[in-house]
Structures are given as C-alpha cells and as structure tokens.
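# Breakdown of the fold
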Amino acid sequence: MKPFQNTAKRLLAALLCCLLLCSLLPSGMAQASEDADGGAAIAPDEKSEIMHEEDEAMNALNLVCEQLVAAGFPYSYAVRLAPLQLSHPSWRFEALFLPEDWSYVLSMEVDDNPARNLISAGAAYVGYRHPENTALYDTGWYQASRETVKYFMDPRNFFNETDIFQFYRFSGVEADGADMTVAVESVLRGTFMQDTVLENGKTYAENFIEIGNALELSPLYLAVKARQEQGIYGGFTSTGDAGQLLTAWLAAGEQGSAGHDAAALATLDGYYNIFNISASGTGKFRVLYGAMQRAIEGTPAMAESWGGAAWNTVWKSIYGGAETVKTRYTGNDQDTLYLQKFNVSPEANRRFWGQYMQNVMGALSEGRSLFRAFDAAGAVDGACVFRIPVYTGLEEQPNGDPCDGSSPYGGVATASLQWQGRIAAGESVAAIDGDAVSLLTNAAADGSSALSGSVWANVPVAEVTASLVMKNGTLQSDTAARTVLCRGEETSASFLTLLELPEGTEQGDRLVYSVDVRFDVTESYRCKTVTLAYVTIDATAPETVTVTVCDGARQKSETAAAETSYLLPDAAAGEADEVFVGWLVSGAVTDGLYPARASVALGTSAVSLEAVRIRLRTLPGAAFCHTGNGAALRFDGAIGYEAFEILCAVTEAVPMMLIARGEGEPDTESGVIIPREALKRSAGEQYWVMSGMTEEILPQEREAAWSAVAALRVRYADGSEQVLTAAFDTAQNTRSAYAVARAALADDTADYGEELRSALGPFAE
C-alpha cells in the first residue's frame, strides 16, 4: 500500500494552507456585526486559499478557521491563530471588541502624549525611535515612532506559542496545586528570590501564591512581574537602603535631586516596592524617590491589621503592589499584560493614559517571561485563556517591524508546514512513501531546508512528537499524551512509531494529529516548538497479518497492520561465542536477511522472523612466521561451519581478520579479507578456521604489540552492511613478536629445526 505515491503536487498545495486553524470560542460569546477586515465571512477567493478543492467539507484547518470567523474574529486574526489552536486544543481565545477605529486608537497612543510609548536608548533599538522627537526620557529612553507603536500594538504580529502569552488573562485564576508551586518557583530560579525567606517566615514563592489566591490574581503573573521589575540580583526598591542611595545621589548632584533634604531622604531606608509602583519620572533619582513615596503611602486598607499602612517589609510590598495592580488594572479590565501596556478596553477607566508601562515592548517582554514559566512547569498545554483586542480598520497584512527582525524583541511568528494527507488507521507515519517522509525527516534534521525562512536553522532538535488534536471536526481537550517520534539526533527510523487510535474510534471517523518539533533553545526568547505537519487519518479497519518471531527455542506471534512497516526487534542474548547476525524474514514484500531495528515492509501474507546466529571466535595466541628480512605474526579465528554455509546461501558473507598494531580492539578499517578457498576445516569439522597475517616485523620492532579479532562482513536485504566481531580479550588476543618467539624457544617439546631457531633468536633476545 502506497497511499502517497502521487502526492508531490498535493503536498505543495497543502503547504499553501499553513497557519489556518483557530480557536473554538464559548457558545455564548457575542458575535461581531462586521469583520474588522471588512466582512464577517471569508470571501470565496480567500476560501480557495485555505481549502483543498478535493476536500472542502472536511478540511480541518478550514473548519476551525471558519468557526473563529463566525465567532467574530477577523480573517486576518483567524488565519494566524489557527496553528496555535490545533497544537493546543485546550487553549481558548476571547475577542475584545473595540468601538473605535484603529486610526483613533493609534493617535491616542502616539499623539496624545509623547512619553506614553518609549523605547530603550540602546543601539539595538535605534530603528524604533521617533524620527523627530529626540528628547531623552526616564534615564535612557526615547519616544517610539508611530510605525513602532503600530507594530507592537498589532496583535497579529505575535500569534506564536511564546508571544501569545502577553494576552494571557490572569484574573480569576485557580492557583491551587503542586503545578502552580513548581511554575512559580521556576520563575524565581536563579534570582535573589529563589528560596529566600521573608519577614513573615514564608518564601517569595509562598507569598506570591498566598497573596495571589487572596486577591484572585495569578501567582505566576505576580512572580513574573517581580522578576521583570527586580531582575536577577534585585533592584534599588528591593534592598531596603533606598535612603542611602538617594542621599548619595543628592550629594553627587544627580538629575532631579535639587531641593531635597539629606536628613529627610535618609528616613526612606527600610521601605520596599517590589513591583515598582509609581516608579517613574526623568532621571533615576526621581524614579526611586517616587517609588519610595508610594511605599510610605502603602496600603491604607491594611493599616489596622499591619499596625500601619506603609510597605516596610518585602511581603507587605508584594501584597500592596498586587492589591494596587488589582485595583488599578485587573479591576479596571486590564487583566492581560497587553492591556496593562495598551489600555484600550472600552470598559476601563483612564483609557489610554492609565497604562502600567511606558516601554512599548514591555507586554511582549513580560509575556515571554510568562511563557518560560509555563513551559518550565509543563503547563503550556493547560486550559489557558487569551484575551485579544480586535481592531476595526486594520490593514489586511500585519504592520511590519521597523527594525525588520534585527532587534532581540522583534516578534517571531511560528513557522509551520501544514500537511494534509490520508493514511489508514494503524499505519505508521514512516510508512508513507516519497515526499511525505522527506518533509518530516528533513524538517527535523535541518530546520533551514524544510522550515524555509524560519529562525531555526542550525538549532539542534530536542524532540519530535505527535498528538491527536481533532476528531470528526471537534477539538480534543487532552493533549498531554504526546507520542514521541524522535529525540535528539535519532534517524528517520524513529518515525516508525504507530499512531494508535483512541478508545471509542469507529470506522469512518476522521482524526487529525499534529506533528511538532521542539528545539533545544537555552538562551533565546523565541518560541521553542514548531508545528511541522497536520496528519489526517481516515479510521478504517486495516487488514492485519500475523508476525511469528522464532529465536531459538523461544517463539511468539503477534498481529500487525497489513501493508505497513514493521520494526524488527532486538534479539535475546545468545551463548558466549555466538554472534547475532540478523533476522531471516519470509513472507514480507521483500524477503531476506535484515539487521535488528530495520524496517520491513509487510504485505498481506503471514510473516516469519528467524534469528540467525553464528559461532565466531578469535583463537588465543599467535604463530611466529619467518620472512625474508624479519617475521610476521599469524592470528587465527574460527567460524561455525554449518551456520556459515547456511548464511552464505541467503546473503553475501565475507570472513575477515581485523589486525592492527597496539593493544586495543582493532577497528573495522583494519580488516584482512580471507578468501573462501583459504578457509580450513577444524579437526572436529565443526568450524571453518581462517588466518590473518600482520605486516612484516623487523627485529628492532619485536616488542610492539599486535591485536587481532575474528570478524564477518554481512550484506543485508535492505542494502546495509555490518561487520560482526567476535569477543575480544587483550590477554588472549594481543601478542608481540618478542613474546611469541620467547614462548616458542621455551617449548622443549617442539622441534623447530636449526633454521627456524636461528630466525627466532633475534626476536627472543
């Protein structure tokens, strides 16, 4: 069975379908009256791009994309959210509809206040600066250009596994359980907050979890926010010595310090502001001073229970900062990082100017930190909700990156190759012929060739997995059980894992699997997982065949799907001098001798596998052979007579002696081929005996060691070759001419003759 022999053109067409799946939304979600891109439905010409003409009704990508469009998401959103939903069926996307046009929202962000969106003064961000306003803000920040604000505000630029987390909704989050503890601790790992016990006897992680639960905020978000504000080693607002710093800056004449009193500044020691609430202004003095004034103001609602409102302990600043975030932001419909940066929700007070961050890329940066925390906790496939603003009047294509991807904070869209195919239930991915297998294996081995234009060239592959994501048009909620197809540098043979049907599957069901590659990325903020393909399986009742495995006295039978690939097993251990040669296969598409772990194509007939073993020994010691100018050592090996004759009848088998200078086991490159006619029968006629000679050895080289091992080169039915070797023992199979000559002369029972004794003499001295 070769279901994909004629699929080259279909695969090319399927690649045009990339990035096409989106989310299923709650049935009660309000419908948008008009598509933000100009229409509530997908236009016919657009449909043709995302639907296979022969498969229009059942195209999984198109199906879910249409559901998202029907729920109110614009087509330009849906087509980019699609792969995320198919790879993470438990995710849910919520649309936040804005009443104003995109141009109005943009003008409020750019023109209303130049300091509303700032960009770092670092050289990597020059391309993001405003071309006319060169004023310096807040110790090293410039106004961002209109193009920059458009880029970072346009949600469509960041629909990938990593950057989507800036839209993660962190209000009303269930925070109980060990998974949340692991996730929070992973955020703090490697920072000054790791395992640090605070004034109330609880660690940072315990405080984030307890306070988050009390205020109905995600503890994970609180941990990410603290790390973002304080860094790895802690900032000025976490040390408790802000008064000393401000006093020193006053003495140094730091910008913004004029008019302050040193004695008054000294009283600011002992206050904390972990989330840097109200830490803003021009110059570091004003930034720190504003943060400490806010710490003194504290949380009036807790004054009675705390014995004062001020944040005079770290844990109080965590509670007070979190309570401020809830009151001013999550309680103000700013319950995502994006909405804290861009306060665009129509339900929010202080719209546009009530924004938590001036850094235009702040939501993106913190979103990536949040993703890393989820990833470390193994929670990326959990039931995450992403709340995404939908703007009317957007251009058809996302607003481009002014730095053209050169900035480390440029958005990275998930590279995807969508592959729509048909295979019978129970058939392995590797059994698909031709271009289909090439698509998978090339993408795993070389990101630059199959993932054209992606950021993954030359990045090592960590793991390739497959998971059921859709059944009969319905997204599956459980994606935790992923089948590992390949790890690390394993070959394409690793794709032999069968995609097993879930319980309850009936004939005629249609299943969709995602095949994802996970890259070994340790120092990058970019997404780690890329969807290589979507494999559609028609659930048919596959014909089965019986496979009987005979290994000596051991025999077992099993069933396998007909016309698929079968992975040959490893053999059981044999006797001490037995070497496993391979499996003699009969009844398959191509019979013959195959090595263990080889893939054999099954037909519709029963198949038998018989283990082939052969006795292979390296005889101990060596013989001294006199040559014209010196000597040579002869090493001998033995091959089981009957087994060798049988082996030669089914394949090409070449006897060899591997001989090399030194005490280690010789490698296969040092082989001396023994012609068939040079073999001799042993005294008991149970073995063929073969001999191999060293190079000529001169007397001055007499103490050099030589090693040998008996070997057999075998060619298999799949075209591969192996050199099988006997067991090697240095004491038994390593000799020098000196040792052999001395042993010979010491043998009183041997009659070598005067000529040979004369030749032995120079080597035995």
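Now for a description of the structure that goes with this document. Just so you know, these numbers come straight off a predicted model, no measurement behind them.

## Remarks on the overall build of the protein
The helix and strand tally for the protein stands at 22 helices and 27 strands. The buried share among the 765 residues of the protein stands at 51%. Considering only contacts within the protein whose residues lie at least 6 apart along the sequence, 70% involve residues at least 24 apart. Carbon together with sulfur atoms contributes 48% to the accessible area of the protein, which is approximately 33,100 Å² in total.

## A closer look at helix α22 (residues 754-764)
Burial in α22 covers these residues: A759, L760, F763 and A764. All buried residues of α22 fall inside an arc of 135° around its axis, so they share one side. Turned more than 90 degrees off the buried face of α22, the exposed positions are E754 and E755. Summarising the contacts, the buried residues of α22 are in contact with β19 (623-626), β20 (631-640) and α21 (737-745).

## Some remarks on the nonpolar core
By size, the foremost hydrophobic cluster in this structure holds 92 residues, and its most contacted members are I164 and F208. In this structure F208 touches V184, L188, M193, P219, L222, A223, A226, F275 and I318, once residues within four positions along its chain are discounted. With 42 residues, the next largest nonpolar core counts M657, A711, L724 and A764 among its residues.

## Brief notes about the packing of α21 against α22
The description of two packed helices rests on the angle between their axes and on the distance between the axes. Where α21 meets α22, the axes come as close as 8 Å, and the angle between the chain directions of the two elements is 130°. Considering the angle they form, α21 stands oblique to α22. Crossing of α21 over α22 shows left-handed handedness. Of the residues in α22, those touching α21 at A737, Y738, A741, R742, A744 and L745 are R757, L760, F763 and A764. Of the residues contributing to the contact of α21 with α22, the split by class is eight nonpolar, no polar and two charged.

## What to know about the sheet that holds strand β2 (residues 118-120)
With respect to topology, three strands assemble into an open sheet ordered β2-β4-β3, the strand pairing being antiparallel. Single-partner strands in this sheet number two, and they are β2 and β3 (136-137).

## Digging into the pairing of strand β12 (residues 544-551)
Two strands pair when backbone bridges link them, and β12 and strand β13 (residues 554-561) are joined in this way by eight bridges, in the antiparallel orientation. Bridged to V545 within β13 is A560. The antiparallel hairpin formed by β12 and β13 contains two residues in its connecting segment, where G552 sits at a positive phi of about 65°. Bridge count between β12 and strand β18 (residues 607-618): four bridges; the pairing is parallel. Bridge pairing in β18 places T548 opposite S608.

## Some details on the packing of helix α10 (residues 242-251) against helix α12 (residues 284-297)
For the pair α10 and α12, the least separation of the axes is 10 Å and the interaxial angle reads 150°. With respect to α12, the element α10 is oriented roughly antiparallel. Helix-helix and strand crossings are classified by hand; for α10 and α12 the assignment is left-handed. Residues A242, L245, L246, W249 and L250 of α10 touch α12, and the partners they reach there are K284, F285, L288, Y289 and M292. Partitioning the contact of α10 with α12 into residue classes produces nine nonpolar, no polar and one charged.

## Topic: the side chain of E366
Here E366 lies in helix α16 (residues 362-376). E366 gets classed as buried once you look at its relative accessible area, which sits at 2%. At a separation of 3.1 Å, a polar atom in the side chain of E366 contacts the side chain of K225. Setting aside residues no more than four positions away along its own chain, E366 makes contact with V224, K225, Q228, E229, L337 and M357.

## Overview of the pattern of salt bridges
If charged atoms from side chains of opposite charge come close, those side chains can pair. Here the structure, examined in full by the defined rule, presents 20 salt bridges. A salt bridge links D636 to R634, with the shortest nitrogen-to-oxygen separation between them at 3.2 Å. Overall, D636 belongs to the buried group, its relative accessible area being 16%. By relative accessible area, R634 is classed as partly exposed at 30%. A salt bridge links R715 to E652, with the shortest nitrogen-to-oxygen separation between them at 3.6 Å.

## Describing helix α8 (residues 204-215)
Structural remark: α-helix, 3.6 residues per turn; residues separated by three or four positions point the same way. Between the first and last C-alpha of α8 there are 16 Å, a value that for 12 residues agrees with the 16 Å anticipated at 1.5 Å per step. Buried within α8 we find Y204, A205, N207, F208, I209, I211, G212 and L215. Among the residues trailing α8, E216 stands out with phi positive, at a value near 55°.

## As for the packing of aromatic side chains
In total, this model carries 27 aromatic pairs according to the counting rule given. Seen in terms of ring centroids, Y168 and F386 are 6.3 Å apart; in terms of plane orientation they differ by 65°. Their pairing is edge-to-face. With Y168 in the loop between α6 (146-153) and α7 (178-188) and F386 in strand β5 (residues 385-392), this pair connects stretches of sequence that are 218 residues apart. Both residues of the pair, Y168 and F386, belong to the buried class.

## Quick notes on the pairing of strand β15 (residues 578-586)
In this sheet, β18 lies alongside β15 in antiparallel orientation, the contact comprising eight bridges. Bridging across to β18, L584 finds its partner in E610. In this sheet, strand β16 (residues 592-594) lies alongside β15 in antiparallel orientation, the contact comprising three bridges. Within β16, the residue paired with V585 across the bridge is G592.

## Remarks on the environment of T725
Inspection of the secondary structure puts T725 in strand β26 (residues 721-725). Assessed through its relative accessible area of 29%, T725 is described here as partly exposed. Linking T725 and D667, residues 58 residues apart in sequence, is a C-alpha distance of 9.7 Å. Not counting chain neighbours up to four residues away, the residues in contact with T725 comprise V579, L616, L658, E665, V709, A710 and A711.

## Description of the side chain of S670
Inspection of the secondary structure puts S670 in the loop between β21 (653-661) and β22 (671-673). Judged by relative accessible area, S670 falls into the buried class, the value being 16%. Non-local contacts of S670, meaning those with residues more than four positions away in its chain, are made with M657, L658, I659 and A660.

## A short note on the environment of Q700
Here Q700 shows up in the loop between β24 (687-693) and β25 (705-715). A relative accessible area of 64% means that Q700 is categorised as exposed. Distance in space between the C-alpha atoms of Q700 and G630 is 9.7 Å, their sequence separation being 70 residues.

## A look at the environment of K284
If you trace the backbone, K284 turns up in helix α12. Judged by its relative accessible area of 34%, K284 is partly exposed. A C-alpha to C-alpha distance of 9.5 Å links K284 and S257, two positions 27 residues apart in sequence. Other than its neighbours up to four places away in sequence, K284 contacts T139, W249 and E254.

## Let's talk about unusual backbone geometry
Negative phi values dominate among residues other than glycine, just as trans dominates among peptide bonds. A positive phi angle, near 55°, is found at E563, a position not held by glycine. Relative to the helices and strands, E563 is located in the loop between β13 and β14 (565-567). The exposure class of E563 is partly exposed, given its relative accessible area of 33%. Located in the positive-phi region is E685, a residue other than glycine, with phi close to 65°. By secondary structure assignment, the location of E685 is in the loop between β23 (680-681) and β24.

Reading the values: rules and limits
Residues numbered from 1 in each chain as written. Predicted model: local features only at pLDDT ≥ 70, side-chain atom pairs only at ≥ 80, totals over all residues. Heavy atoms only, no water. Helix = DSSP H or I, 4+ residues; strand = E, 2+ residues; numbered from the N terminus. Buried < 20%, exposed > 50% of the residue type's maximum accessible area, 1.4 Å probe, protein only. Contact = heavy atoms within 4.5 Å. Areas by Shrake-Rupley, 256 points an atom, 1.4 Å probe, with all protein chains shown as cover. Arc of directions from axis to C-beta. Core = buried A, V, L, I, M, F, W, Y, C linked by side-chain atoms within 4.5 Å. Axes fitted to C-alpha atoms, helices over the stretch in contact; angles between N-to-C directions. Parallel < 35°, antiparallel > 145°, perpendicular 65-115°, else oblique. Left-handed = near helix turned anticlockwise from the far one by under 90°. Nonpolar A, V, L, I, M, F, W, Y, C, P; charged D, E, K, R; others polar. Pairing = 2+ DSSP bridges. Polar contact = N/O pair within 3.5 Å; in protein donor to acceptor, adjacent residues only side chain to side chain. Salt bridge = Lys/Arg side-chain N within 4 Å of Asp/Glu carboxyl O. Expected span 1.5 Å × (residues − 1). Phe/Tyr/Trp six-rings, centres within 6.5 Å; stacked < 30°, edge-to-face > 60°.

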